[in-house]
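# Close look at the chain arrangement
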Amino acid sequence: MASLSVKPGQRFTLPDWQNNSLLISADAEQQRYNSHHIRQEGQALRNETSNQARWDEHKSRTHLKDRITSVDRWRETLARCLTDIDLEIDALTKMKEAAENALQAKNLCLDVAIECLTFRESRRDIDVVRDPVEEELLREVKVIEKTKKELQQRVDDTFKQLCLLKEAHQQLSCDHRHKVEALELDRQCVSFNPTSGSISFKVNPTRIPDGTTALSEWEQNSQHNKERAEAEMKASVDLRGAITLTIAQTNNELDAQRIATEFALRKRMRDMEGALNELRWQEQNTLEEIAEMEEEIRQLEEDIRKRTLDLKVAHTRLETRTYRPHVELCRDQAQYGLTEEVQQLEGTIHALQQKRTESQDALDALYRQLHRIQTDIGYKTNSLQLDNKCMDTRKKLVVPVEKFEPEVDAVNRTRNLPRNSQLELA
């Protein structure tokens, strides 16, 4: 007969089995509850973090856009300032060239004044006089040197101001360039998104780089660059006005001095012409008087010759009558008459000879005076030619050098040279 095989091991009771089922069911409920709670928390966290991430990204994007707007506004401001300072640099450069040209023009004025003074050094003897023309020419040289000094100072001031403008321009340009670069970087940052291919993790991205500045410092730097550029432009505008005024004043001073010099020169020439006319009149009268005196001397000599012949006749008569014989040799009226005639003729001849000597001395004095007059005429003619040469030279101040032609070349002066050439001084 077969036997029943019983599996060895622990045996649970039915309540154990029921309790186990209840426990499993309760654990399942608890796990599901826990899982549901975790899922709810996860969903809430995901929603919260997603919203926070979107909000943070929105805030960052907004801050970047605001920053871009702020930087771009400053970029435009600096760009306008750069344009204005470029225009001012060009204007000041042209004004500097105008001042340099005015300064260069004063060299011609100075050369002309010195050339006129040099010409007038060729005056001779009594005509070497410190007249108003020389005083005006010397005053003109002083005025020209004074105006040259003022213009040179303006040129130096302009050079310094141009250096300051270019320095301010360089700072503006550097600031503008940095802002353009910053704009490119910030716009690139705005364009980044989770699908961009260039995003990646970076080492210590929240670090503060060396050289980082505060926002107020950044604002102050741009404002300082702008204000400095505006201040330098204002100083440049004021300087341009001062240069314009200086050029006008120096030109007016030189024109007034030139007019005064030429007025004195023309007056001196009129005086010289009057003196020459007076001397020529004196020369003519002296020549006439010389001719009359020579004729008078000739007539005196002729009378002396005649009276000498008469004296010879009287002497011969007296001598012949000494040979009368004996008693005929008496002192008659004829003897007395002949003796008186001889005495009278001798006195007449002596008076005529004395008058001839006086006339010859007067003639010699007339010849000396004529020589003096003619010499003085030569001096004054030379002086008048030199003053005419000065007037001819001074035409360079009002006539373009290229069109200027001298009227005469009385003192071996070379013809006019180009503006930039050195004037020949006689």
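Residues numbered from 1 in each chain as written. Predicted model: local features only at pLDDT ≥ 70, side-chain atom pairs only at ≥ 80, totals over all residues. Heavy atoms only, no water.

### Points about the overall build of the protein
Across its full length, the protein carries four helices and zero strands. What you see in the protein, going N to C, is helices and strands ordered as α-α-α-α. For 426 residues, the compact-globule estimate of 2.2 N^0.38 gives 22 Å, and the protein exceeds it by more than 25% at 61 Å. Reported as C-alpha extents along the three principal axes, the dimensions of the protein are approximately 260 × 40 × 30 Å. Of all 426 residues assigned to the protein, the portion counted as buried reaches 30%. Working note: accessible area of the protein is about 28300 Å², and carbon and sulfur atoms make up 54% of it. (Helix = DSSP H or I, 4+ residues; strand = E, 2+ residues; numbered from the N terminus. Rg over C-alpha atoms; globule rule 2.2 N^0.38 Å. Buried < 20%, exposed > 50% of the residue type's maximum accessible area, 1.4 Å probe, protein only. Areas by Shrake-Rupley, 256 points an atom, 1.4 Å probe, with all protein chains shown as cover.)

### Notes on the UniProt feature "coiled-coil region" (unreviewed entry) in the protein
The feature "coiled-coil region" (unreviewed entry), as given by UniProt, occupies residues 134-161, 276-310 and 342-369 in the numbering adopted here. The distance from the first to the last C-alpha atom of residues 276-310 is 50 Å, and the span holds 100% helix and 0% strand. (UniProt positions renumbered as here; feature names shortened; annotations may be inferred.)

### Observations regarding the confidence of the model for the protein
Looking at the protein, pLDDT values average 85 and 91% of them are 70 or higher. Residue range residues 400-426 is modelled with pLDDT below 50. Its contacts to residues more than four positions away, or to other chains, number 56 contacts. (pLDDT = per-residue confidence, 0-100. Contact = heavy atoms within 4.5 Å.)

### What about the packing of helix 1 (residues 14-120) against helix 2 (residues 132-191)?
As a packed pair, helix 1 and helix 2 sit with axes 6 Å apart at the nearest point and diverge in direction by 165°. Regarding the angle of helix 1 to helix 2, the classification is roughly antiparallel. Our pair here, helix 1 against helix 2, has a crossing hand that is left-handed. Taken together, the residues of the contact of helix 1 with helix 2 sort by class into 35 nonpolar, nine polar and 20 charged. (Axes fitted to C-alpha atoms, helices over the stretch in contact; angles between N-to-C directions. Parallel < 35°, antiparallel > 145°, perpendicular 65-115°, else oblique. Left-handed = near helix turned anticlockwise from the far one by under 90°. Nonpolar A, V, L, I, M, F, W, Y, C, P; charged D, E, K, R; others polar.)

### Let's talk about the pattern of salt bridges
Taken as a whole, this structure holds 34 salt bridges when the rule is applied. Between Glu136 and Arg139 there is a salt bridge; the shortest N-O distance is 2.9 Å. Remark: Arg139 and Glu136 occur in helix 2; sequence separation between them is three residues, near one turn of the helix. Since its relative accessible area comes to 17%, Glu136 is described here as buried. For Arg139, a relative accessible area of 38% translates into the label partly exposed. In this structure, the salt-bridge partner of Asp376 is Lys380, at a minimum N-O distance of 2.9 Å. With Asp376 and Lys380 both in helix 4 (residues 333-394) and four residues apart, the pair spans about one turn of that helix. The network of salt bridges with shared partners includes Arg120, Arg123, Asp131, Glu134, Arg268 and Asp387. (Salt bridge = Lys/Arg side-chain N within 4 Å of Asp/Glu carboxyl O.)

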